[in-house]
Structure formats: C-alpha cells, structure tokens
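Next come the chains, spelled out residue by residue.
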Amino acid sequence: MEKTFTNDKLSVLLKTARSCDVCKKYLPLGPRPIVQAKATSRILIIGQAPGTIVHKTGIPWDDASGKRLRAWMGIDDETFYDERRIAIMPMGFCYPGKGPSGDLPPRPECAPLWHAKLMAAMPNIQLTLLIGQYAHAYYLGEQRKPTLTETVKNFKSYGLNFFPLVHPSPRNQIWLKKNPWFEKSVVPHLQVRVAKILAP
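Before going into details, it helps to say that this report is about the structure given with it. As the structure is a computational prediction, the values presented were derived from the model and not from experiment.

### Quick look at helix α5 (residues 110–120)
Within α5, the full set of buried residues consists of C110, A111, W114, H115 and L118. The arc that holds every buried residue of α5, seen down its axis, measures 105°, which confines them to one face. Away from the buried face of α5 by more than 90 degrees, exposed residues P112, A116 and A120 are located.

Dropping the structure here:
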C-alpha cells in the first residue's frame, strides 16, 4: 500500500529546487537543476551531476551513461522517465564544469540543501541506487569498503535500501573489462530487484 504525501506539496518543493541558484557563481554554464520525482516514486537514482548534454536538454541521464544505466536496470526509456515510478536526484543538480580529467565533482551545496527534504516527500521509495563514489561516500559513509570496486562487489551487505553501483560512463569501460563479475552477477541481481519493485 502506497504511503501518502501529496504531489501538490512535492511539486512546490521541486519548483523551488529547480529554481535554486545558490552556487551559480561556480557554474560555468549557469544553474539548471535537474531532478525528477513524484510522491509515488518507488526507485530513487542518485548519481553524480548532469553533464553538458543533460544540461542542454534538461533531461536526466539523456546520454550514453543513461543508455547503459537503463540497460543495467533492464528497463526502457518510457519506464525510466516515468516519475511516478522512478525518481532521479543527483548529488549535484547542475553541471559543475570541466576539470583536468573529466567533469568536476558535484557541487557540495546540493545534497545537504535538498536531499533530505525531497526524500521525506517520497515515502514510497523501496530502492535507492547509489551511482559513483560521491553518492557512496555521502550515503554509506564508514560502511563503504576501502575501494569503490569492493563496495560494489559487496552490494548485498547494504541491505534492501541501498544498491551501490559504478558509474555507467563510457570512461569506465576499462573498469568494466577488468571486472567482468559486475555484469555477470551484479547486473542480473539489480534487474531482478528493479522488476520486482516496478511490477504492477
């Protein structure tokens, strides 16, 4: 049975979050917070921060990383973007800019400012995907293993609420080749969990 929280209240909160410009002076392309949610959402995806493509389109995970993430989850685009079932709330809501070896880390202001408020408005979340080292650090804290690889490999130790994943970026293709166990054992387990939660 779904727990209640009116979408009207969540809509007000989302409108406020999407107009946030707290760290605008640090954003090379300006603020464009990317987040999707409904009070009925069952799965929450917490990634890093939007890239330039997502900043341009305003559509979360609208890139090669998103395509791979949907494949890992075993769902199509329509399901992924159905906010009634899937919420998307990155560690940093806006594109943070380019660094010497890829995009800069998510801005540190977003998660403390918005995450708890938004999660309180989504009482039906049954599974939270923690994608990448920043989400792992924020939500798993000292429960993390010494490396990202070990954290992902030991996903079962984090219970039914959190599911740590490596980032699906093409930049991690080498990691995927070095760790074939991920797509052989972790991905199938993820797909079973997702299918069960999203079942009518």
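Having seen the structure, we can now continue with the description.
### Focus: the sheet that holds strand β2 (residues 86–88)
In space, the 4 strands of this open sheet follow the order β2-β1-β5-β6, with parallel pairing throughout. Only two strands of the sheet have a single partner each, and these edge strands are β2 and β6 (162–165). Going from strand to strand, the sheet's axes swing by 20° on average, the running direction of each strand aside. Pairing geometry for strand β5 (residues 127–131) and β6, over 4 bridges, is parallel. Bridge assignment links L130 to a residue of β6, and that residue is P164. In the packing of helix α3 (residues 64–73) onto the sheet, contacts are made with β1 (43–46), β2, β5 and β6, and the angle to β1 comes to roughly 145°.

### Quick look at the state of the cysteines
For the coordinates displayed, the defined rule picks out 0 disulfides. Here C110 is not cross-linked by a disulfide; its sulfur's nearest cysteine counterpart is in C23, at 5.3 Å. Judged by relative accessible area, C110 falls into the buried class, the value being 7%.

### Digging into the nonpolar core
Residues I43, I45, L69, M73, L129, L165 and F182 are the most contacted members of the largest nonpolar core, which totals 28 residues. Of all the secondary structure elements, the ones that give two or more residues to this core are β1, α3, β2, β5, β6, α8 (173–178) and α9 (181–198). No other element matches α9, which puts 8 residues into this core. The residues contacting L69, other than those within four sequence positions of it, are I45, W61, F80, I131, L165 and P168. Among the nonpolar cores identified, the runner-up in size contains 24 residues, and M89, C110, A121 and L130 belong to it.

### A word on unusual backbone geometry
With a phi close to 55°, W61 is a non-glycine residue in the positive phi region. Secondary-structure assignment places W61 in the loop between α2 (52–57) and α3.

### Let's talk about empty space enclosed by the protein
Under the criterion given, the structure shown has 1 cavity of 30 Å³ or more. A volume near 80 Å³ is recorded for the largest cavity. Lining the largest cavity are 15 residues; nearest its centre among them are C20, V22, C23, C94 and C110. Considering every element that reaches the lining of the largest cavity, the biggest residue donor is α5, with 3 residues. Partitioning the lining of the largest cavity into residue classes produces 12 nonpolar, no polar and 3 charged.

### A closer look at the layout of surface pockets
In this structure, the largest pocket occupies an estimated 1000 Å³ of space. In terms of lining residues, the largest pocket is bounded by 45 residues, among which Q48, D103, H167, S169 and R171 are the most central. Within the lining of the largest pocket, the residues separate by chemical class into 23 nonpolar, 16 polar and 6 charged. Taken as a whole, the second largest pocket spans an internal volume of roughly 150 Å³. Along its surface, the second largest pocket is lined by I125, Q126, L160, N161, R193, K196 and I197.

### Details of the environment of V187
Position of V187 relative to the elements: it lies in helix α9. For the pair V187 and G74, spaced 113 residues apart in the sequence, the C-alpha separation amounts to 8.8 Å. In this structure, V187 is in contact with W72 and F182, ignoring residues within four places of it in sequence.

Parameters at a glance
- Residues numbered from 1 in each chain as written.
- Predicted model: local features only at pLDDT ≥ 70, side-chain atom pairs only at ≥ 80, totals over all residues.
- Heavy atoms only, no water.
- Buried < 20%, exposed > 50% of the residue type's maximum accessible area, 1.4 Å probe, protein only.
- Helix = DSSP H or I, 4+ residues; strand = E, 2+ residues; numbered from the N terminus.
- Arc of directions from axis to C-beta.
- Pairing = 2+ DSSP bridges.
- Axes fitted to C-alpha atoms, helices over the stretch in contact; angles between N-to-C directions.
- Contact = heavy atoms within 4.5 Å.
- Disulfide = S-S within 2.5 Å.
- Core = buried A, V, L, I, M, F, W, Y, C linked by side-chain atoms within 4.5 Å.
- 1 Å grid on protein atoms, 1.4 Å probe; cavity = no way out; pocket = protein on both sides within 12 Å on 5 of 7 lines; lining within 4 Å.
- Points joined across faces, edges and corners; volume = space filled by probe spheres on them.
- Nonpolar A, V, L, I, M, F, W, Y, C, P; charged D, E, K, R; others polar.

Read these as layout, nothing more, since geometry by itself doesn't imply function.
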